[in-house]
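# Secondary and tertiary structure notes
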Amino acid sequence: MQMKDKIKKNIIEIESFVANTNEDLEDFRIKYLGKKGLLADYFTDFKSLDNDKKKDVGQLLNQLKTTAQLKVENLKTKLLSKTSKPKLNDLSRPGDSIQIGSRHPISIVKNRIIDIFSNIGFTISEGPEIEDDWHNFSALNLPEHHPARDMQDTFFVEKNPDYLLRTHTSSVQVRFMENNKPPIRTISPGRVYRNEAISARSHCFFHQIEGLCIDKDISFADLKQTLEYFTNQLFGKSKIRLRPSYFPFTEPSAEVDVYWGLNNETDYKMTKGTGWLEIMGCGMVDPNVLQNCNIDPNEYSGFAFGLGIDRIALLLHQIEDIRLLSENDIRFLEQFKASF
Ligand code: DAH
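Residues numbered from 1 in each chain as written. Predicted model: local features only at pLDDT ≥ 70, side-chain atom pairs only at ≥ 80, totals over all residues. Heavy atoms only, no water.

### Concerning the site of the ligand
Around the ligand lies a shell of 16 residues, among which H168, S170, R194, Q208 and E210 are the nearest. Between E210 and the ligand, the recorded distance is 2.5 Å, taken from a side-chain N or O atom to an oxygen atom. Here F305 contributes a backbone N or O atom positioned 3.4 Å from an oxygen atom of the ligand. At the level of elements, helix 7 (170-179), strand 5 (205-215), strand 8 (276-285) and strand 9 (301-308) are the ones that each hand at least two residues to the shell around the ligand. A class-by-class count of the residues in the shell around the ligand yields five nonpolar, nine polar and two charged. (Near = heavy atom within 4 Å. Polar contact = N/O pair within 3.5 Å; in protein donor to acceptor, adjacent residues only side chain to side chain. Helix = DSSP H or I, 4+ residues; strand = E, 2+ residues; numbered from the N terminus. Nonpolar A, V, L, I, M, F, W, Y, C, P; charged D, E, K, R; others polar.)

This is the structure in structure tokens:
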């Protein structure tokens, strides 16, 4: 038989070889790959071949070598997994370690805020992400063609523009008031959508928490007190300021800034050198909104507020790039294992 045919035959033999024990495998390795093995012999013979045959035979020899090496590696792992099967009756074996996951920073912050408000009697309510015009806009004092609708670029459901992806969790206020009688104290966490130009920093969805408190004699002072309690619990800071602002569903309306301080370089950076950080919008629920939800504004009053969870997660964990929150990179998420 010619050398080429012999090698081909060996390759077939190798491919079909099975080893049941480590000894079988070692014999196999020595037979083909050992110092005095078949391959070594072939390479010796190879040297005395005519030059015109060397190319073909050389290629086959290399194939033989890699096939044998691969086979050895494969059989090694196979045998190892066979022998390391757990012995069920060996009670001294250490347990398998369990990979513990971590909560997403947005969930961590959301749960924390829920806790803070639960402690002062707020319930948790939710509403649908696909909303109708009434709950997202009209009932909130934003009638059709109202210019303030432009503040929140909206994704409409193409087939039926009466439906849209809610642009804020304020829609849940309306649903809650429609279905519950005062006194009301509720917070509504959820995902919201805005049709904003996609850039590195802007996202088409984010998370908000809406707060609502309706009762007899609720005043702006109650709102301020509640917010101070909240910022103190969440940030350990209770110095806040309320800047006049405009939201169609509240009157008066305000933007809430918390005094973060200017103790280090990060504070300067985060607050743009002012020490103040804007964290949410709020106000006294507009009487029109109460009326739209069948609550008598002559009998009841209340306050509402809305804040972005993503932004607060960035602040609390000093995360510089908002994209990290939606990339689900395990190396990023794992860093929150120690958090609650
Ligand atoms: N819905 C507002 C937004 O998405 C946030 C907001 C502001 C909610 C003031 C409120 C409020 O309840 O009183 O920008």
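The structure having been displayed, the exposition proceeds.
### With respect to the pattern of salt bridges
Applying the stated criterion to the full structure yields 13 salt bridges. E26 is the salt-bridge partner of R29, the closest N and O atoms lying 3.0 Å from each other. Residue R29 and its partner E26 are located together in helix 2 (residues 22-33), separated by three residues, close to a single helical turn. Here E299 ties to K216 by a salt bridge, and the two come within 3.5 Å at their closest N and O atoms. Of this pair, E299 sits in the loop between helix 10 (287-292) and strand 9 while K216 sits in the loop between strand 5 and helix 8 (220-235); the two residues are 83 residues apart in sequence, bridging distant segments of the chain. Three or more residues joined by partner-sharing salt bridges are found here, namely R241, R243, D257 and E278. (Salt bridge = Lys/Arg side-chain N within 4 Å of Asp/Glu carboxyl O.)

### Comments concerning the packing of helix 2 against helix 4 (residues 51-83)
Two numbers describe how helix 2 lies on helix 4: the axes approach to 11 Å, and their chain directions differ by 170 degrees. Judged by the inter-axis angle, helix 2 sits roughly antiparallel to helix 4. Two secondary-structure elements touch here, helix 2 through N22, L25, F28, R29, Y32 and L33 and helix 4 through K65, A68, Q69, K71, V72, L75, K76 and L79. (Axes fitted to C-alpha atoms, helices over the stretch in contact; angles between N-to-C directions. Parallel < 35°, antiparallel > 145°, perpendicular 65-115°, else oblique. Contact = heavy atoms within 4.5 Å.)

### Structural notes on the side chain of T271
Of note, T271 is situated in the loop between helix 9 (265-270) and strand 8. You can call T271 buried: its relative accessible area is 3%. Polar contacts involving the side chain of T271 include one to the main-chain carbonyl oxygen of D267, which spans 2.7 Å. Only 2.9 Å separates the side chain of T271 from the backbone nitrogen of G275, close enough to count as a polar contact. Ignoring any residue separated from it by four or fewer positions in sequence, one finds T271 in contact with W260, G261, L262, W276 and L277. (Buried < 20%, exposed > 50% of the residue type's maximum accessible area, 1.4 Å probe, protein only.)

### Focus on the domain arrangement of the protein
Split by domain assignment, the protein resolves into domain 1 (3-83) and domain 2 (105-339). A straight line from the C-alpha centre of domain 1 to that of domain 2 covers 69 Å. (Domains from an automatic or database assignment.)

### Here's the deal with the pairing of strand 8
Judged by how many residues are buried, strand 8 sits mostly within the fold: nine of 10 residues are covered. Relative to strand 8, strand 7 (residues 250-259) is paired through eight bridges, and the arrangement is antiparallel. Bridging across to strand 8, V258 finds its partner in L277. (Pairing = 2+ DSSP bridges.)

### Structural notes on unusual backbone geometry
Cis geometry marks the peptide bond from P182 to P183, where omega comes out at 5 degrees. One can find P183 in the loop between helix 7 and strand 4 (184-193). Of note, the bond from E251 into P252 is cis; its omega dihedral lies within 30 degrees of zero at -5 degrees. Mapped onto the elements, P252 comes out in strand 7. Unusually for a residue other than glycine, K272 sits at a positive phi of about 50 degrees. Tracing the chain through its elements places K272 in the loop between helix 9 and strand 8. Its identity is not glycine, yet N294 carries a phi of approximately 60 degrees, on the positive side. Within the secondary structure, N294 sits in the loop between helix 10 and strand 9. When its relative accessible area of 68% is taken as the criterion, N294 is described as exposed.

### Quick notes on the environment of K47
Within the secondary structure, K47 is located in helix 3 (residues 38-47). Between the C-alpha atoms of K47 and P147, which are 100 residues apart in sequence, the distance is 89 Å.

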